[in-house]
2 protein chains.
Amino acid sequence: MTTFPKRIALLGSTGSIGRQTLDVVRKFPEQFQIVSIAARSNVELLAQQVQEFRPELVACYADTPESEEKARLLLPDALLGDQGLLAVATHVDADILVAATSGLVGLKPTLAAIGAGKAIALANKETLVMAGHLVTQAAQRVGVPIFPIDSEHSAIWQCLRGEENKNIHRLLITASGGPFRKTPLDELKDVTVSQALAHPTWHMGPKITIDSATLMNKGLEVIESRWLFQVPYESIDVVVHPESIVHSMVEMVDGSIKMQASLPSMHIPIMNALSYPDRLDVSGSHLIRELRWSEVASLHFEDLDLPRFPCFRLAVEAGKRGGTYPCALVGADEEAVDLFLHGHISYLAIAELIEAVLERHQSVDQPDVAATLDACASARRTVRELWKKYA
Amino acid sequence: MTTFPKRIALLGSTGSIGRQTLDVVRKFPEQFQIVSIAARSNVELLAQQVQEFRPELVACYADTPESEEKARLLLPDALLGDQGLLAVATHVDADILVAATSGLVGLKPTLAAIGAGKAIALANKETLVMAGHLVTQAAQRVGVPIFPIDSEHSAIWQCLRGEENKNIHRLLITASGGPFRKTPLDELKDVTVSQALAHPTWHMGPKITIDSATLMNKGLEVIESRWLFQVPYESIDVVVHPESIVHSMVEMVDGSIKMQASLPSMHIPIMNALSYPDRLDVSGSHLIRELRWSEVASLHFEDLDLPRFPCFRLAVEAGKRGGTYPCALVGADEEAVDLFLHGHISYLAIAELIEAVLERHQSVDQPDVAATLDACASARRTVRELWKKYA
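Quick notes on the rules
Here the residue numbers are simple positions, counted from 1 along each chain's written sequence. Starting at A for chains and at 1 for ligands, labels are handed out in the order in which the entities are written. Where local features are concerned, this predicted model is filtered to residues with pLDDT of at least 70; where side-chain atom pairs are given and counted, the filter is 80 or more; whole-chain, interface and lining totals use all residues. No hydrogens and no water enter the side-chain calculation; it runs on all heavy atoms of the structure. Either an automatic procedure or a domain database provided the assignment from which the domain bounds are taken. Throughout, a contact is declared for two residues whenever any of their heavy atoms are within 4.5 Å. When two components associate, each loses some accessible surface as probed by a 1.4 Å sphere; the sum of these losses over both components is called the buried area. The salt bridge criterion pairs a side-chain nitrogen of Lys or Arg with a carboxyl oxygen of Asp or Glu, the two atoms within 4 Å. Where helices and strands are cited, they refer to DSSP runs of H or I of at least four residues and of E of at least two residues respectively, numbered from the N terminus. The buried label goes to any residue with under 20% of its type's maximum accessible area, the exposed label to any with over 50%, and the partly exposed label to all in between, with areas taken from a 1.4 Å probe on protein chains only. To line up the copies, we fit them by least squares on C-alpha atoms, keeping just the residues with pLDDT of at least 70 in both. When DSSP finds at least two bridges between two strands, those strands are taken to pair. For every element, the axis is a line fit to its C-alpha atoms; helices are fit only across the contacting stretch, and the angle between N-to-C directions ranges from 0 to 180 degrees. Each angle gets one of four labels, with under 35 degrees taken as roughly parallel, over 145 as roughly antiparallel, 65 to 115 as roughly perpendicular, and the rest as oblique. When residue character is reported, Ala, Val, Leu, Ile, Met, Phe, Trp, Tyr, Cys and Pro are called nonpolar, Asp, Glu, Lys and Arg charged, and the others, Gly included, polar. Definition of a polar contact: a pair of N or O atoms within 3.5 Å, with one able to donate and the other able to accept a hydrogen when the atoms are protein atoms, and with sequence-neighbouring residues admitted only if both atoms are side-chain atoms. Any helix carries an expected span of 1.5 Å times its number of residues minus one.

Visitor: Help me get a handle on the domain arrangement of chain A, residues and values and all.
Guide: Residues and elements named next belong to chain A. Taken domain by domain, chain A holds domain 1 (6–149 + 266–272), domain 2 (150–265 + 291–317) and domain 3 (322–391). Computed from C-alpha atoms alone, the centre-to-centre distance between domain 2 and domain 3 is 23 Å. If you look at the interface, domain 2 gives 22 residues, while domain 3 gives 15 residues. Contact with domain 3 buries area across many residues of domain 2, yet Val193, Lys207 and Leu314 alone supply 31% of it, more than any other trio.

What follows is the structure in structure tokens.
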């Protein structure tokens, strides 16, 4: 039995998922309450959010002296640094943690929240990719659920409502295919940063937009799916679906396929994670644009053109190898994409650099948190050592 | 807790659904057993089925003296007539009745089986259209489930697994649109029987194929949905989807849409009805052809062109009016389609005749079984009185 309001600890409140989480809380004030909140460097927005939502605890993991100073000024009661993040994630009054930070910073607070018995609404990719074994083992041990906040995993999760995992034949993750789905292969070497940032269906930050162009993002989603739904890699496939209307599918053992669809919206995955097992009624509200099938008119599906997307292959290989390979993948990709965004390497060099790092990587089996972070940091260093050869 | 084998009473074993039900039983002999079986006039096939599945009770509701004689010869132990049907439907050992007769004959046995506490796997359209109030009230009173066996309702039912009915925003039934989806309106008056029998995606008997061309069939499905899922007509819509891959959808109140898909197959709805809440593993078997998305390539959706399909409008109006209007609709349609199939009236006259019958119909509120059957018979008579005006 759920009691209301459900009390939320929110990590990453000023990012896209964080702000949209607050949209939902604003729309359903009887049902949700923010008890603790943390953001990184957008201190002004954090201060506004604190004013509006009146959490009991605020943290600012400021990453520059300037934003730290601003935090002291605007939010004198806020905790600073990693300890603040941990305190927000494990706040005694919180029922559920929305983990919406980007990058590695969310891993330790998420594990701490699981240890403290909080349900987890997980928007952070790296957490499951790098430490899926730690997160899912801890969640099983404590008996807390992990609810995905992203379109593809939320789609699969919604399709699996009322179904048993043993009856899954195959998960089918949809991929828009990004801006280079049809670009002649020999033109990929000349792709510019602004071309790569022009994603056809979703508007996101630069790092994840590049990961969507290379389909690294889709490879990471395959790894996340392996952990979230506990199915082998052989039962996870990707199908290209340029309209991004069907967010993923599940094929059951009896040949029945379940699909989840909507116009692109992160509010739907967020609402599902917050309200499960119920659903929130937003019919007629501005939060969701209704999908009109006659306007959509047609949905297309095609096989993934693997040679076009080496980052996808590298991600799935790293997932299958296990150990710290996925951590090295994450570190190498972050650094390589950063080099590309700064104009230091070409688009094709992203995959070449990552592959070179993975070839050199010394994997550790069943890594603990320290070992996952080490592997990631080590891969970043390797990229910095190697990149000029690919410039 | 389900015990195995699940014991099945099968009405209509020689029709398309009946034979496919036996395919499933044949494939899973540990899980299912036929305890009683009934068919109408295909006595040879019924005798073969009896030989193979060894039911405890056999009935033949032979509709001609010839087939009755044949039944006495080939199946000397078979019960004949209506009493046989009732005995098969309520067999003491049966856990579930598969009601796969066509027409009105299934109504009384289905109600009797509900009274006897059997779960109902319902393939017969007329039962819910004519007596949805009686069937669903009885099922609720006794506490037995009604599982749909047809693509659209099974799709909706599968989408609703793990969901609460209160969270339904809208049911969206897909319609292939039939062979005349794009025919110029002024050519519809010249449609021939063989054109109307050429359904683009499903192969079925002549009556239901004509009902699919006129979309009467889709209108009847709207009425069935109202009873099966207990949602108001205002929350049931139809969308045209010519490929018949997505078998229907449910829009939830939070804007999330769930869809169920497969290549056209009646085995999937049958398996779902028989195995619920589990699913049967047929991966790699010949029973189901796997859907390859790259071969499907594209799915199309468009609004229903209402002026093109007056039978659809008449059906939904009859459903909304309630009383015995749906019974009159069923009777008028059967007779009008029969006249069309015999070349006596034009394609467009089917709807005109039905509309004329409904205008003359004297509806009875909350009809009992006798009143539903009377209304249907009376509508047939009215068609026979009126049709020459439309020839």
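What follows picks up the thread again.
Visitor: Quick rundown of the interface of chain B and chain A? Include the residues and the values.
Guide: Taken together, the contacts link 47 residues of chain B with 47 residues of chain A. Summing the contributions of chain B and of chain A, the shared interface buries around 3,700 Å²; its carbon and sulfur component is 51%. When the buried surface of chain B facing chain A is broken down by residue, Asp254, Arg279 and Trp293 of chain B rank first, second and third, together holding 20% of it. At the junction of chain B with chain A, the criterion picks out eight salt bridges.

Visitor: Any details on unusual backbone geometry? Residues and values, ideally.
Guide: Cis geometry marks the peptide bond from Tyr276 of chain A to Pro277 of chain A, where omega comes out at 5°. When you line up the elements, Pro277 of chain A lands in the loop between α11 (267–275) and α12 (293–296). If you check the backbone angles, Gln230 of chain A has positive phi at about 55° while not being a glycine. Tracing the sequence through the fold places Gln230 of chain A in the loop between α10 (216–229) and β9 (236–240). With a relative accessible area of 40%, Gln230 of chain A lands in the partly exposed category. You will see that Ser244 of chain B, though not glycine, has its phi angle at about 50°, which is positive. With respect to the helices and strands, the residue Ser244 of chain B is situated in the loop between β9 (236–240) and β10 (246–252). Residue classification places Ser244 of chain B among the buried positions, given a relative accessible area of 6%.

Visitor: For the relation of the copies chain B and chain A, give the residues involved together with the corresponding values.
Guide: For the pair chain B and chain A, the superposition axis carries a translation of 0.0 Å, the fit reaches an RMSD of 0.0 Å, and the rotation angle comes to 180°. The symmetry that links the two subunits is that of a two-fold axis. Within chain B, the C-alpha atom positioned nearest to the axis of rotation is that of Gly162 of chain B, 1.9 Å from it.

Visitor: I'd like a description of the sheet that holds β9 of chain A, backed by residues and values.
Guide: Read across the open sheet, the eight strands follow the order β9(A)-β8(A)-β10(A)-β11(A)-β11(B)-β10(B)-β8(B)-β9(B); overall the sheet is mixed. Looking along the sheet, the strands with just one partner apiece sit at the ends: β9 of chain A together with β9 of chain B. Going across the sheet, the axis of each strand differs from the next one's by a mean of 25°, ignoring polarity. Pairing between strand β8 (residues 168–175) of chain A and β9 of chain A: five bridges, direction parallel. Across the sheet, the residue bridging to Ala175 of chain A is Val240 of chain A, located in β9 of chain A. Seen against the sheet, α10 of chain A touches β8 and β9 of chain A and runs at an angle of roughly 150° to β8 of chain A.

Visitor: Go over helix α2 (residues 43–53) of chain B with me, naming the residues and quoting the values.
Guide: Side chains three or four residues apart in an α-helix point the same way, a direct result of the helix having 3.6 residues per turn. All names here are of chain B. Along α2, the residues classified as buried are Val43, Leu45, Leu46, Ala47, Gln49, Val50 and Phe53. Contacts from the buried residues of α2 go to α1 (16–27), β2 (32–39), β3 (57–60) and α3 (65–74). Looking one or two residues beyond α2, the residue adopting positive phi is Arg54, at roughly 50°.

Visitor: Residue-level account of the pattern of salt bridges, with values.
Guide: Using the criterion set out here, one finds 62 salt bridges over all chains in the structure. The salt bridge partner of Arg161 of chain A is Glu163 of chain B, with a shortest N-O separation of 3.0 Å. One end of the pair, Arg161 of chain A, is in the loop between α7 (151–159) and β8; the other, Glu163 of chain B, is in the loop between α7 (151–159) and β8 (168–175), on a second chain. Here Lys207 of chain B makes a salt bridge to Asp333 of chain B, at a shortest N to O gap of 3.1 Å. Of the two residues, Lys207 of chain B is situated in helix α9 (residues 206–214) and Asp333 of chain B in helix α14 (residues 325–341); the sequence distance between them amounts to 126 residues. A relative accessible area of 2% places Asp333 of chain B in the buried class. Several salt bridges converge on common partners, so that one network encompasses Lys125, Asp150, Glu152, Lys218, Glu221 and Glu224 of chain A.

Visitor: Outline the packing of helix α13 (residues 310–321) of chain B against α14 of chain B, supporting the account with residue identities and numerical values.
Guide: Residues and elements named next belong to chain B. The geometry of α13 relative to α14 is characterised by a closest axis approach of 7 Å and an angle of 150° between their N-to-C directions. Here α14 runs roughly antiparallel to α13, going by the angle between their axes. Mapping the contact onto sequence places Leu314, Ala315, Ala318, Gly319 and Arg321 in α13 and Tyr325, Pro326 and Leu329 in α14. Its residues assigned to classes, the contact of α13 with α14 shows six nonpolar, one polar and one charged.

Visitor: So, the sheet that holds strand β1 (residues 6–11) of chain B: which residues are in play, and what are the values?
Guide: The parallel open sheet is built from seven strands, whose spatial order is β4-β3-β2-β1-β5-β6-β7 (chain B). Single-partner strands in this sheet number two, and they are β4 (79–80) and β7 (146–148) of chain B.

Visitor: Lay out the side chain of Ser285 of chain A with the relevant residues and their values.
Guide: Residue and element names in this part refer to chain A. Following the sequence through the fold, Ser285 ends up in the loop between α11 and α12. The exposure class of Ser285 is buried, given its relative accessible area of 16%. Looking at Ser285, its side chain comes within polar contact range of the main-chain nitrogen of Leu287, at 2.9 Å.

Visitor: Talk me through the pairing of strand β11 (residues 257–261) of chain A; I want residue IDs and the actual numbers.
Guide: With five of its five residues buried, β11 of chain A lies for the most part within the structure. Alternating positions in β11 of chain A separate into two faces, Ile257, Met259 and Ala261 of chain A on one and Lys258 and Gln260 of chain A on the other, with burial throughout. Bridge analysis of strand β10 (residues 246–252) of chain A against β11 of chain A gives five bridges, and the strand direction is antiparallel. The residue bridging Glu251 of chain A from the neighbouring strand is Ile257 of chain A, located in β11 of chain A. Taken together, β10 of chain A and the strand that follows it, β11 of chain A, pair antiparallel across an intervening segment of four residues, in which Gly255 of chain A is found at a positive phi of about 90°. Where β11 of chain A and strand β11 (residues 257–261) of chain B come together, five bridges link them in antiparallel fashion.

Visitor: So what's going on with α10 of chain A? Which residues, and what values?
Guide: Residues and elements named next belong to chain A. Taking 1.5 Å per residue, 14 residues should reach 20 Å; α10 reaches 20 Å between its end C-alpha atoms and fits that length. Most of α10 is tucked away: 13 of the 14 residues are buried. Remark: Gln230 follows α10 within two positions and exhibits a positive phi of approximately 55°.

Visitor: Describe the side chain of Ser67 of chain A, listing the residues and the values that go with them.
Guide: Checked against the element boundaries, Ser67 of chain A lands in helix α3 (residues 65–74). In this structure, Ser67 of chain A is in contact with Ser41, Val43 and Ala62 of chain A, ignoring residues within four places of it in sequence.

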